[in-house]
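Each chain is listed here by its residues.
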Amino acid sequence: MAVYTHVPAEEMEALLARYDAGTLVSAKGIAEGVENSNYLVDTSSHRFILTLYEKRVDVADLPFFLSLLDHLADKGLPVPRALRDRQGVQLQTVSGRPACLIEFLNGVSVTHPTPAQAHATGVALGRMHAALADFGGQRANALGPDGWVALAARCGDDLDAIAPGLKARVSEELAYLADNWPGELPHSVVHADLFPDNVLMLGDEVSGVIDFYFAAREVRAWDVAVTHAAWCFENDGTGFDQNRAAALIAGYDAAFGLSSAERAAFPALARGASLRFLLTRAWDWLNTPADALVTRKDPLAFLRRLDFYRDAVPGALGL
């Protein structure tokens, strides 16, 4: 279970007493997620998520994330607000960690999305980008192109322990992206991690978009490419589903839309998306013990995506 910090019942009761939230009935650690400790909290009147921010989340970034969620919720998007206590405070301290009590949203994360669910996700992403047009928050993307170079250097020769020749393949891709990255495209704050486990579905409808802790200002269409790479393959990076891809792009086009320049750049954006997750998974693979609470995810699943996008043309991607 990916719960790093244990919260005693007495401390949880003390937290709830600051809110008009009822009394504690039960609290259960949530296994999903690798960045923070999360609890499903039931009270006599409500259900909440309690999130404790662990070391991988910079406390200095939390005001950005909280204002982002408030902005999107105010625009009517299905995102969970961090609730304010009776004193108007969102950010608390629980068991020595910064923490928030967060709205609970109904829905489930799907493992094998359908084209209809991919379409709904494209619509949700497009609505989010439209809602962010007047959001002024600023956060640099530490996992953008400059970050990929730094992370590859930190992994170093150990990349070849994951797969022979992986270091050279990563270097080749970094060189390509340095020459072809479409940084002149429009920028926006983006989610940057819209995998199926960060989208809640009720049937074929999106009921929630969660986990904005990689959100940053970046090339806006890169967010579409990240979502494309996350939703349009099997989990192991094989089996590209063109119907799912076409549905995702059609949904995004219906709500916001890609320009002709963004479509032309999409293969490079998708290669950048694949490299980003290849490198972060490689780093975690190399630095997480095999028996750790968090299951290591296969970096090569994104090498397979990267190879697919390298050989693809925009028309084959559902554009």
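The structure presented is a predicted model; accordingly, all values stated were derived computationally and were not measured.

**Section: the overall build of the protein**
Item 1. A count of helices and strands for the protein gives 11 helices and 9 strands.
Item 2. Here the protein has a C-alpha radius of gyration of 20 Å; the compact-globule value for 319 residues is 20 Å, and the two agree.
Item 3. Referenced to the eigenvectors of the C-alpha coordinate spread, the extents of the protein come out at roughly 55 × 45 × 35 Å.
Item 4. Within the protein, the proportion of its 319 residues that are buried is 53%.
Item 5. Contacts in the protein between residues at least 24 apart in sequence constitute 73% of all its contacts with a sequence separation of at least 6.
Item 6. Within the structure as shown, the protein displays about 13,700 Å² of accessible surface, and the carbon and sulfur contribution to it stands at 53%.
Item 7. Looking at charge distribution, the protein has the averaged site of its 27 positive side-chain charges lying 1 Å from that of its 40 negative ones.

**Side note on the pattern of salt bridges**
Item 1. Counted under the stated rule, the structure contains 20 salt bridges.
Item 2. When the shortest N-O distance is used, the salt bridge between Glu172 and Arg169 registers 4.0 Å. Note that Glu172 and Arg169 are positioned in helix H6 (residues 166-180) at a spacing of 3 residues, about one turn of the helix.
Item 3. For Glu172, a relative accessible area of 43% corresponds to the partly exposed category.
Item 4. Overall, Arg169 belongs to the buried group, its relative accessible area being 11%.
Item 5. Salt bridges linked by common partners bring Arg169, Glu172, Glu173, Arg271, Asp307, Arg310 and Asp311 together as one network.

**Regarding the sheet that holds strand E3 (residues 47-52)**
Item 1. Pairing is antiparallel across the open sheet formed by 5 strands, whose spatial order is E1-E2-E3-E5-E4. Strands at the two margins of the open sheet, each flanked by one partner only, are strand E1 (24-29) and strand E4 (92-94). Adjacent strand axes in the sheet meet at a mean angle of 35°, parallel and antiparallel pairs treated alike.
Item 2. Pairing between strand E2 (residues 37-43) and E3: 6 bridges, direction antiparallel. The residue of E3 that forms the bridge with Tyr39 is Leu50.
Item 3. Lying over the sheet, helix H1 (residues 9-16) contacts E1, E2, E3, E4 and strand E5 (97-103), oriented at roughly 120° with respect to E1.

**Quick look at helix H3 (residues 115-131)**
Item 1. Relative to the 24 Å expected for 17 residues at 1.5 Å per residue, H3 spans 24 Å between its end C-alpha atoms, a close match to the ideal helical length.
Item 2. Of the surrounding secondary structure, the elements contacted by the buried residues of H3 are helix H2 (62-74), strand E6 (187-190), strand E7 (199-202), strand E8 (205-209), helix H7 (220-231) and helix H8 (242-255).

**Concerning helix H11 (residues 300-311)**
Item 1. Taking 1.5 Å per residue, 12 residues should reach 16 Å; H11 reaches 17 Å between its end C-alpha atoms and fits that length.
Item 2. All of the buried residues along H11 are Leu300, Ala301, Phe302, Leu303, Arg305, Leu306 and Tyr309.
Item 3. In this fold, the buried residues of H11 make contact with helix H5 (159-162), H6, H7 and helix H10 (266-287).

**Looking at the environment of Arg305**
Item 1. As for its placement among the helices and strands, Arg305 is situated in helix H11.
Item 2. Using a relative accessible area of 2% as the deciding quantity, one classes Arg305 as buried.
Item 3. For the pair Arg305 and Ser171, spaced 134 residues apart in sequence, the C-alpha separation works out to 16 Å.
Item 4. The contacts of Arg305, once residues within four sequence positions are left out, are Ala229, Ala230, Phe233, Glu234, Asn235, Asp236, Gly237 and Ser274.

Thresholds applied
- Residues numbered from 1 in each chain as written.
- Predicted model: local features only at pLDDT ≥ 70, side-chain atom pairs only at ≥ 80, totals over all residues.
- Heavy atoms only, no water.
- Helix = DSSP H or I, 4+ residues; strand = E, 2+ residues; numbered from the N terminus.
- Rg over C-alpha atoms; globule rule 2.2 N^0.38 Å.
- Buried < 20%, exposed > 50% of the residue type's maximum accessible area, 1.4 Å probe, protein only.
- Contact = heavy atoms within 4.5 Å.
- Areas by Shrake-Rupley, 256 points an atom, 1.4 Å probe, with all protein chains shown as cover.
- Lys, Arg positive; Asp, Glu negative; His and termini not counted.
- Charge placed at Lys NZ, Arg CZ, Asp CG, Glu CD.
- Salt bridge = Lys/Arg side-chain N within 4 Å of Asp/Glu carboxyl O.
- Pairing = 2+ DSSP bridges.
- Axes fitted to C-alpha atoms, helices over the stretch in contact; angles between N-to-C directions.
- Expected span 1.5 Å × (residues − 1).

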